[in-house]
Amino acid sequence: QVQLVESGGGLVQPGGSLRLSCAASGSILDYFTIGWFRQAPGKEREGVSCINRGDGSTYYADSVKGRFTISRDNAKNTVYLHMNSLKPEDTAVYYCAAGFIASLDGAYFSSWGQGTQVTVSS
């Protein structure tokens, strides 16, 4: 129902920065919470960050708090994830998803993008 497309992934050195983008079809940010999730090989999916509909409240996993920032541009129907001070353990496929409540649990999100690879390596 909701189409999401991630972009901005790539290869970056430890300590570097990347900005991921999640472009949504239509004007949906008033209706959906948007979350960022990641999954590395051999590891379970991890909720990274979420921005709530309406008031725009933000939430972060402890593993990224202070390094990552989620934001939105309603006019562009786009949510961003600014990633600073990247570490090798941040290497994963990053997904954005749309749901109904602010949560870092992927079970509450019904629409998912295709993912974008982030690799942090020297």
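Every value quoted in this text rests on a predicted model; they were computed, and no experiment measured them.

Peer 1: Pulling in residues and values, what's your account of the state of the cysteines?
Peer 2: Tallied over the full model, the rule gives one disulfide. Two residues share a disulfide in this structure: Cys22 and Cys96, whose sulfurs sit 2.1 Å from each other. Measuring the twist about the S-S bond at about 70°, one finds the Cys22-Cys96 disulfide to be right-handed. You can see Cys22 sitting in strand β3 (residues 18-24) and its partner Cys96 sitting in strand β9 (residues 92-99), a full 74 residues away along the chain. Residues Cys22 and Cys96 agree in their burial class; the two are buried. There is no disulfide at Cys50, and the cysteine sulfur nearest it, in Cys22, is 11 Å away.

Peer 1: Which residues make up the pattern of salt bridges, and what values do they have?
Peer 2: This model, assessed by the stated rule, comprises four salt bridges. As a salt-bridge pair, Asp90 and Arg67 come within 2.8 Å of each other at their nearest N and O atoms. Note that Asp90 is positioned in the loop between β8 (78-83) and β9 and Arg67 in the loop between β6 (58-60) and β7 (68-73), a separation of 23 residues in sequence. Of the residues examined, Arg67 reaches a relative accessible area of 11% and is grouped as buried.

Peer 1: Please provide a residue-by-residue account of the side chain of Thr33, values included.
Peer 2: When you line up the elements, Thr33 lands in strand β4 (residues 33-39). Only 2.9 Å separates the side chain of Thr33 from the side chain of Asn52, close enough to count as a polar contact. With sequence-adjacent residues up to four places away left out, Thr33 is seen in contact with Cys50, Ile51, Asn52, Arg53, Ala97, Ala98, Gly99, Phe100, Ile101, Ala102 and Phe109.

Peer 1: I'd like a rundown of the sheet that holds β8, residues and numbers included.
Peer 2: Spatially, β1-β3-β8-β7 is the arrangement adopted by the four strands of the open sheet, whose pairing is antiparallel. Both outer strands of the open sheet, β1 (4-7) and β7, are each paired with one neighbouring strand and no more. Here the average twist between neighbouring strands, direction ignored, is 15°. Alignment of β3 against β8, held across six bridges, turns out to be antiparallel. Across the sheet, the residue bridging to Ser21 is Tyr80, located in β8.

Peer 1: Describe the nonpolar core, naming the residues involved and giving the relevant values.
Peer 2: Counting 29 residues, the largest nonpolar core has Ile34, Trp36, Leu81, Met83 and Tyr94 as the members making the most contacts within it. Listed by contribution, the elements that provide at least two residues to this core are β3, β4, β5 (46-51), β7, β8, β9 and β11 (116-120).

Peer 1: Go over the pairing of β9 with me, naming the residues and quoting the values.
Peer 2: Here β9 lies mainly inside the structure; six of its eight residues are buried. Bridge analysis of β9 against β11 gives three bridges, and the strand direction is antiparallel. Within β11, the residue paired with Val93 across the bridge is Gln117.

Conventions and cut-offs
Residues numbered from 1 in each chain as written. Predicted model: local features only at pLDDT ≥ 70, side-chain atom pairs only at ≥ 80, totals over all residues. Heavy atoms only, no water. Disulfide = S-S within 2.5 Å. Helix = DSSP H or I, 4+ residues; strand = E, 2+ residues; numbered from the N terminus. Buried < 20%, exposed > 50% of the residue type's maximum accessible area, 1.4 Å probe, protein only. Salt bridge = Lys/Arg side-chain N within 4 Å of Asp/Glu carboxyl O. Polar contact = N/O pair within 3.5 Å; in protein donor to acceptor, adjacent residues only side chain to side chain. Contact = heavy atoms within 4.5 Å. Pairing = 2+ DSSP bridges. Axes fitted to C-alpha atoms, helices over the stretch in contact; angles between N-to-C directions. Core = buried A, V, L, I, M, F, W, Y, C linked by side-chain atoms within 4.5 Å.

These figures come from the coordinates and say nothing about function on their own.
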